[in-house]
Structures are given as structure tokens and as C-alpha cells.
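Given next are the chains, with one letter for each unit.
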Protein chains: 2
Amino acid sequence: MTFSFARRIQHAPASFLGELFRVSADPSIISFAGGLPSSTLIDAEGLSDAARDVFATDPRTALQYSTTDGYLPLREYIAARYRRRLGVPATAGEIQITNGSQQCLDLFAKIFLNAGDRLGMERPGYLGAIEAFSLYEPVFETVRLDSEGPDPGVFEKMLMETPVKFFYGIPNSQNPSGCTYSPERRREIAGILDGTDTVFYEDDAFGELFFDGKARLPLKRFLPNRSVISGSFSKITAPGMRIGWMYAPQEILTAFNTAKQAADLHSNFLCQQILHRYLTTHDLDAHIQKIVAVYGRQCRLMCDLFDDLMPALSHTTPEGGMFLTATLPAGLHAMKVFDEGVRQKVAVLPGMPFFVDGGGTDTIRLNFSNADEKKINEGMHRLAGVIKGLS
Amino acid sequence: MTFSFARRIQHAPASFLGELFRVSADPSIISFAGGLPSSTLIDAEGLSDAARDVFATDPRTALQYSTTDGYLPLREYIAARYRRRLGVPATAGEIQITNGSQQCLDLFAKIFLNAGDRLGMERPGYLGAIEAFSLYEPVFETVRLDSEGPDPGVFEKMLMETPVKFFYGIPNSQNPSGCTYSPERRREIAGILDGTDTVFYEDDAFGELFFDGKARLPLKRFLPNRSVISGSFSKITAPGMRIGWMYAPQEILTAFNTAKQAADLHSNFLCQQILHRYLTTHDLDAHIQKIVAVYGRQCRLMCDLFDDLMPALSHTTPEGGMFLTATLPAGLHAMKVFDEGVRQKVAVLPGMPFFVDGGGTDTIRLNFSNADEKKINEGMHRLAGVIKGLS
């Protein structure tokens, strides 16, 4: 190495996301490895109309610098939707616009973590979060997920030791497992946290994507003052605009805003305006219904094909979201399935990047949002061939 | 404080940028305090056409997730422009798209700085950089600027002590001073750095805005392997799209890309495509000529009015950019000028946020890009009244 980089970047975990985009770029490969929403379900026409409106109204304001917190009418829209959907008393003053919810991970870690601080995560945990948090050199504590959420015994034990700055979780259709916390487990986890100094960070990228169309109660309902929620338009409108948000108590948001300003002044203002125009002139709920109908069908198809073609594998059965996790037969390593899969033109994501402790070698994550039913059918048959050949 | 935040955010310098936006929002105040390019010089029509083209061509790709490094044709455009304008052998592989050049400050500091590491800056130095760097808890070393650039003696002395990770400077129309390094000083500073482990970080936000239309040689010409340049479309196209870039040797860019991915996956892809479409269907050079003609006139007017109305103040005479700095008469504090100025409806920026050592109390920064000649005339008369009243 020619340059003396910071410790944090020398120890950064090797990233799989770059790999994924490369695999996605080969059209002969059917990829379940990525994390893209369906391109065909992006309302390009509606967003085009919204863009035309913004350019026809006051484009020089939309193209100029703006405030760090974000476009106020968009923040008001987000707050009103929280009040209506989840029954939490959100106000625009508690919402900070970010570059997708990935930026929430970075900035939240930045304001909370000194090197060596402890944070809690699910096991397996979202790899984008592991990448973002790792750069602040924390100590990761993990709590295994069962079918109802984080194991309460392990969770409680974690908190009894030295302080944990925050616990990061995805209660709705977790990535990578597809697990949704049960209502009882939400109350239980909130109860364990109540009275401690640990903040609950609820990543809610998928809360709008339940196949039954019903919202689940956020942990914030039980922990109003010690929890935050991050959200994103990437899965319900369009990821390429990079618009997400953090919903947090004022004291956290003030620090978060300082970090946001230092990071990039503010998020793309043109797209904040286009998005707001789109949201107020189109029926988002109807659009989301379309999305979940398709994802629900694709998820069921994928689960059925697992059961029919690969009975030696167990898999989760998601209630929503975009991902499920399958467990491989004993002795079969996920990297073998990845490598052989790519050769046979089907890509799945090995589980290891979701584990901070070297685990996950017997699991693979599959995305069911981006490939249509025809491709899922063909890809799962290819995968069954791969598994058969390796067993 | 209810939450136990990280040390870095507890010690973050109080920000002036928020103040500035608030002052800018009062239409009765003529503000020279902000840092906005002229809204009237944003080519809204051209960008609107470009947006329409993007939405008419392949909108679902523009609205989908994309790669962390950025839109390849845009990176190729930037590299080609460097080769043509500055005679540096840039390739697209050395360019990473960011959210304005502010994000370059954050990510560069993130990959280089451990807490307690030393970095060098100009004195005065850009406040956005001070804010970004501070969050990585470095030790700031400053080198005073004279009319030709950083003082070479101080610069050399700084490097003779413990290692300095990088020196951050703005050789072209520095913010806040308006100073441009002389050709001789560039060679001299590069010569001092040659053979050391210190990287030169050239923030080139203003290099396209010289009133004489001529490019200045970047330090990268003399330090090809140990320097980086950050750039931005904010001043030559539109800030609201938040598109900037880092141009760096491959080894640095690889680490930078890891940090970028962890920070927000990638920059707004829709706007990268709109911007590229705009740049390849419009004459950017002709547009920049229009901008510098206006800024040059406004700068001269402001300097002339200082000389005519406030002879007790000295001021810099920029060759380009958007800012100049004035030095107040002995005993007059910049905060007094700010406070009394706001009362009399003219805002200037006190110098203190540009100094990491408590200096700057006798300086004010003025922006000449955002107010037109009529407003500059009126605002400078108001300022003269303020100065007179306080003297």
C-alpha cells in the first residue's frame, strides 16, 4: 500500500454489492442475488409527468442549493403518512431527508459510535448496514433471529453486559431472512429495551410491502423516545432518485442534521421536488397494491419451486419484502452454490456477508422482486440442477 | 443530553451554514453572506429538455439502482474535459461521482483520518471542509495564505514535524479569501510535497470560473501520484442536482469507492443521466463564458464600491470564483458588522468559521455571484452605512 489510509478502511469487510451489480449486468444469468425492485413496476410515466410539472413551475429553485433537512412539503407528506398508517405522532420536524436509507445507516453510526463502542444487530443482519457501521470500528453483538424475531433471551443477555449504543433491526420482512417480528416479540423486545440507554434503530425499508397490504405496529409505538425509523422511497417509487429519510426524536435529529450537512449539504433537491409532485398527484396506495400483488405471486412461486424441486433445502416463507433465505443441505458450502450457479447461469447470494462472525456458509439469500415469474421458474430449475449436481 | 452521542458530534463546530440559509430566506435582506451561484444563470430550459430526453429514452434504467462509481458516460465526459482543459491524463476509471464536492470532503477524510491524525489546511480555510473534517477528530495544522498562496516557509515547517496525512487547499479562487495561487507558488508547494507522504487535496470548485476564461495549471501536473482533485457541477450547471466528483489515483479511488458505497450506495442516477444529456447536447463552454462575464462584472463592482465607500477596509481582488474577503478597521469585530448588518438589511459572513484557531474576528467574507449589480450597489451602500455607524 502506497498511502497510509485510516484504520477503518484497511479493515473494511470485502463488499459483495459490487459483485452483485456485475452479475446483474450479464443478461444470460438469471440473478436472484441482487436487491433490485422490479423495473417494470416503476411508474416512469407518472414520474415523467411530475418532472415536467416541476420544470414548468419554478425550476431555478429546484436546481439551486437548498436546506439540509430537506424539502418541507415532502417531509410533511412523510410525517402525515406515518400518522395515518402507523398511528405514530410524527411531525415534519422529526423527519430528515437522506440519500436513500443507506445514508441513514452511515450518519446514525457516525453520530453514535466511537471506535470500540458496542452495537447490536440481528444474526443474520443486513450487509449494507454491516458495511456502513464497520467504518466506525464498533464491536458487533448479534442476536439470532428465530421465526418471530430476535431471540429474547440472547437480547436480554446482550444488554446486561457493557452498554450497547443501539440495536439495529429490520422488523418488517428482514433482509436477508425475510423474517417479520411477531406482534408479541415486538412488545417483548421493546419491554427489554425500556429503561435502558440503548436506542432501537428500526430500518423499515419493506414495511409498505406486506402481501396482505396491512401495516405492522412499529417498535416506536412502544418506545417513542428511544427509537428511530428509517424509510425509503426506493422500494415503493424509484431507487435511482436516492431519496430516503430518518424519523427520529428531535435531539437525535439535530445531531443527525449536523452530520448530514457535513456529509453532502443536502440531498438532491430536484428529485425531492419531483417525488413530492408525484406523490401528491398520483395514488401511491394503489401503486403499492400493484407492487405487492406481483411480489406476493413471485414469492409464492419461488417458495413452491423450492418445495417441489429442492426438498432437501429449508427456506423462510416471507409475509412481504423482497428476499427469502434458504438453508443448504449439511456439508454444502454457499460459495460452491454461487460459483457453480454462475457457471450454470443462475446467481444466488451466499449468506456470509450477512454474518459478522464467519457464519452463514450454509445459507443463500434469494431476491424475488426483480425476476418475473417466467424467469423465476427457469432460474429455480437451473438452481435445482446446481444443487443436485453438488449433492 | 439524553443520548450518549459519539465524541465527534459532541465536539462538532457550531455551523454557520444553517444561519446563512435563514438569512437568505428573508427577502428584505440583501445577502452577501451565502454561497449560492446566480439562480438566473442556471439553464433551466436546457436542463428541462435534457430531463425530457432522459424520460423519453430509457427512464426505468435511470430510475433503478446503479453502480457506486457513477454513470460511465458522465465519468468519461469529466475525464475528457480534464485532458483537454488541464492537460492531465485523466481516465474515467479515476473518476468517482459524488453528491457535490462536499461529499468528497467527507469521504476523503473518512478513508485517511484516524482520530488525532494531522491534516493541513489554508488559513483561512473553507468552512464546509472544516465541518466535514472535524467529524473525524483530526489535529488541524494551518498555513497562512498570502496573495500568492500558502506561505512556503510555514508549509515546509508543518511537514518537518509529525506526519501530515494530507493538505487540503483551493488553489483557484479560494473560499473565503478569493486568493489564487500564483504559478510559481504552485511549483514551490508541489516541490516541498514531492518525496513526502502527504497527499495534496485540490478542491477545484471554482477553476472554471476565472474571469479571463483561462485555466490555471493544477498541482496534479507536478504531483501526479500524490494528489487528488475534487470537482463539481454546482457552480457551472446547477447545485440542486448535487453532482460532483473525485479525481484520484486508482489506489485512493478504490478506498474512496468503498466508503461511498457504505455511505449511500451511489449518487442520484436520474440526475447523472440528465446532466450527461445536457452536457452532450449543449455548449458548456459558452454557458460558462456567460457566467464568468456576469460574475466578473459583479466582482469588479463590489471591489470598486469597497474602494469608493469604505476606504478604511482592505479587500482581496479575486481573479475568479464567487467570494472575496475584506479586513475590518482595527478594533471592529466581525460579529458586530454581522448583527448590525442584519438590522440594516445587509448580510455578510463573519470570518471566524474559516479559522480553526479562533482567528478571523477582523474579517468578513462577501459573495458576489448571487446578487445582481443593482443589489450589490444597494447592499454595499447599506454596508458602508453599517461600517460608518460602527467606526
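Residues numbered from 1 in each chain as written. Chains lettered and ligands numbered in written order. Predicted model: local features only at pLDDT ≥ 70, side-chain atom pairs only at ≥ 80, totals over all residues. Heavy atoms only, no water.

**Description of the interface of chain A and chain B**
Often, the extent of an interface is quoted as the loss of accessible area upon association of its parts.
Then, number 1: Contacts between chain A and chain B engage 76 residues on the former and 76 residues on the latter.
Then, number 2: Summing both partners gives a buried area of about 6500 Å² for chain A against chain B, and 59% of it is carried by carbon and sulfur.
Then, number 3: Counting across the interface, chain A meets chain B through two salt bridges.
Then, number 4: A salt bridge links Lys110 of chain B to Asp106 of chain A; the nearest nitrogen and oxygen atoms lie 2.5 Å apart. (Contact = heavy atoms within 4.5 Å. Buried area = accessible area lost by both parts, 1.4 Å probe. Salt bridge = Lys/Arg side-chain N within 4 Å of Asp/Glu carboxyl O.)

**With respect to the packing of helix α5 (residues 72-86) of chain A against helix α12 (residues 284-309) of chain A**
Helix packing for two helices is described by the angle between their axes and how far apart those axes are.
All names here are of chain A.
Then, number 1: Direction vectors running N to C along α5 and α12 enclose 70 degrees, while the axes themselves pass 14 Å from each other. As far as their axial angle goes, α12 and α5 are roughly perpendicular. When α5 is examined against α12, the residues Tyr77, Arg81 and Arg84 are found in contact with a partner set consisting of Leu284, Asp285 and Ile288.
Then, number 2: In terms of residue class, the contact of α5 with α12 is made up of three nonpolar, no polar and three charged. (Axes fitted to C-alpha atoms, helices over the stretch in contact; angles between N-to-C directions. Helix = DSSP H or I, 4+ residues; strand = E, 2+ residues; numbered from the N terminus. Parallel < 35°, antiparallel > 145°, perpendicular 65-115°, else oblique. Nonpolar A, V, L, I, M, F, W, Y, C, P; charged D, E, K, R; others polar.)

**As for the sheet that holds strand β5 (residues 149-150) of chain B**
Residues and elements named next belong to chain B.
Then, number 1: Strand order in this open sheet of eight strands is β2-β9-β8-β7-β6-β3-β4-β5, and the pairing throughout is mixed. The open sheet terminates on both sides in strands that have one partner only, identified here as β2 (95-98) and β5.
Then, number 2: The sheet contact formed by strand β3 (residues 118-123) and strand β4 (residues 139-146) spans six bridges and is parallel. Looking at β4, one finds that Arg118 is bridged to Val139. (Pairing = 2+ DSSP bridges.)

**What about the pattern of salt bridges?**
Residues and elements named next belong to chain A.
Then, number 1: The tally for this structure, following the rule as stated, stands at 42 salt bridges over all chains.
Then, number 2: A salt bridge links Glu319 to Arg216; the nearest nitrogen and oxygen atoms lie 2.7 Å apart. One end of the pair, Glu319, is in the loop between β10 (314-315) and β11 (323-327); the other, Arg216, is in the loop between β7 (199-203) and β8 (227-232), with 103 residues separating them in the sequence.
Then, number 3: Given the relative accessible area of 18%, Arg216 is considered buried.
Then, number 4: Bridged by salt links that share partners, the residues Arg81, Arg84, Arg85, Glu208 and Asp285 form one connected network. (Buried < 20%, exposed > 50% of the residue type's maximum accessible area, 1.4 Å probe, protein only.)

**Brief notes about the packing of aromatic side chains**
In this description, a pair of aromatic rings is defined by centroid distance and the angle of the planes.
Then, number 1: Per the counting criterion, the structure on display carries 38 aromatic pairs over all chains.
Then, number 2: Stacked on the ring of Tyr247 of chain A, the Lys or Arg Lys220 of chain A has its end atom at 4.9 Å from the ring centre.
Then, number 3: Lying over the aromatic face of Phe210 of chain B, Arg216 of chain B brings its terminal NZ or CZ to 3.7 Å of the ring centre. (Phe/Tyr/Trp six-rings, centres within 6.5 Å; stacked < 30°, edge-to-face > 60°. Lys NZ or Arg CZ within 6 Å of the ring centre and 35° of its normal.)

**Examining unusual backbone geometry**
Then, number 1: With an omega of 0 degrees, the peptide bond running from Arg123 of chain A to Pro124 of chain A counts as cis.
Then, number 2: Relative to the helices and strands, Pro124 of chain A resides in the loop between β3 (118-123) and α7 (127-134).
Then, number 3: Asn175 of chain B connects to Pro176 of chain B through a cis peptide bond whose omega is 20 degrees.
Then, number 4: If you trace the backbone, Pro176 of chain B turns up in the loop between β6 (164-169) and α9 (183-193).
Then, number 5: Here Leu265 of chain A, not a glycine, exhibits a phi torsion of approximately 65 degrees, which is positive.
Then, number 6: Tracing the chain through its elements places Leu265 of chain A in the loop between α10 (250-264) and α11 (269-281).
Then, number 7: Residue Lys345 of chain B is not a glycine yet carries a positive backbone phi of 70 degrees.
Then, number 8: Tracing the backbone shows Lys345 of chain B in the loop between α13 (334-343) and β12 (346-347).

**Overview of the relation of the copies chain A and chain B**
The operation relating the pair of chain copies consists of a rotation about an axis and a translation along that axis.
Then, number 1: If you rotate chain A by 180 degrees and push it 0.0 Å along the axis, it lands on chain B with an RMSD of 0.0 Å. Those values place the two copies in the arrangement expected of a two-fold rotation axis.
Then, number 2: Both copies contact each other with a shared surface, as 100% of the interface residues of chain A are interface residues in chain B too. (Least-squares fit on C-alpha atoms with pLDDT ≥ 70 in both.)

**Let's talk about the pairing of β3 of chain B**
Residues and elements named next belong to chain B.
Then, number 1: Summarising burial for β3: five of the six residues are buried, a large majority.
Then, number 2: Tracing the backbone out of β3, into helix α7 (residues 127-134) and back to the parallel element β4 gives a crossover that is right-handed.
Then, number 3: Of the pairings in the sheet, the one linking β3 to β6 comprises three bridges and is parallel in character. Each bridged residue has a counterpart across the sheet, and for Met121 the counterpart in β6 is Tyr168. (Right-handed = clockwise from strand over helix to strand, strands pointing away.)

**Thoughts on the packing of helix α8 (residues 152-160) of chain A against helix α9 (residues 183-193) of chain A**
Residue and element names in this part refer to chain A.
Then, number 1: Two numbers describe how α8 lies on α9: the axes approach to 10 Å, and their chain directions differ by 15 degrees. Overall, the two elements α8 and α9 adopt an arrangement that is roughly parallel. Considering the relative orientation of α8 and α9, their crossing is right-handed. Mapping the contact onto sequence places Pro152, Phe155, Glu156 and Leu159 in α8 and Arg185, Glu188, Ile189, Ile192 and Leu193 in α9.
Then, number 2: Of the residues in the contact of α8 with α9, the class split is six nonpolar, no polar and three charged. (Left-handed = near helix turned anticlockwise from the far one by under 90°.)

**Describing the pairing of strand β6 (residues 164-169) of chain A**
Residues and elements named next belong to chain A.
Then, number 1: Of all six residues that make up β6, six are buried, and the element is covered over most of its length.
Then, number 2: Across four bridges, β6 lies against β7 in parallel orientation. From the neighbouring strand, Tyr168 faces β7, where its bridge partner is Tyr201.
Then, number 3: For the handedness criterion, the β-α-β arrangement of β6, α9 and β7 is classed as right-handed.

**Quick look at α10 of chain A**
All names here are of chain A.
Then, number 1: An ideal rise of 1.5 Å per residue puts 21 Å on 15 residues; α10 measures up with 21 Å between its terminal C-alpha atoms.
Then, number 2: Buried within α10 we find Ile252, Leu253, Ala255, Phe256, Ala259, Lys260, Gln261, Ala262, Ala263 and Asp264.
Then, number 3: Phi turns positive, to about 65 degrees, at Leu265, one or two residues after α10. (Expected span 1.5 Å × (residues − 1).)

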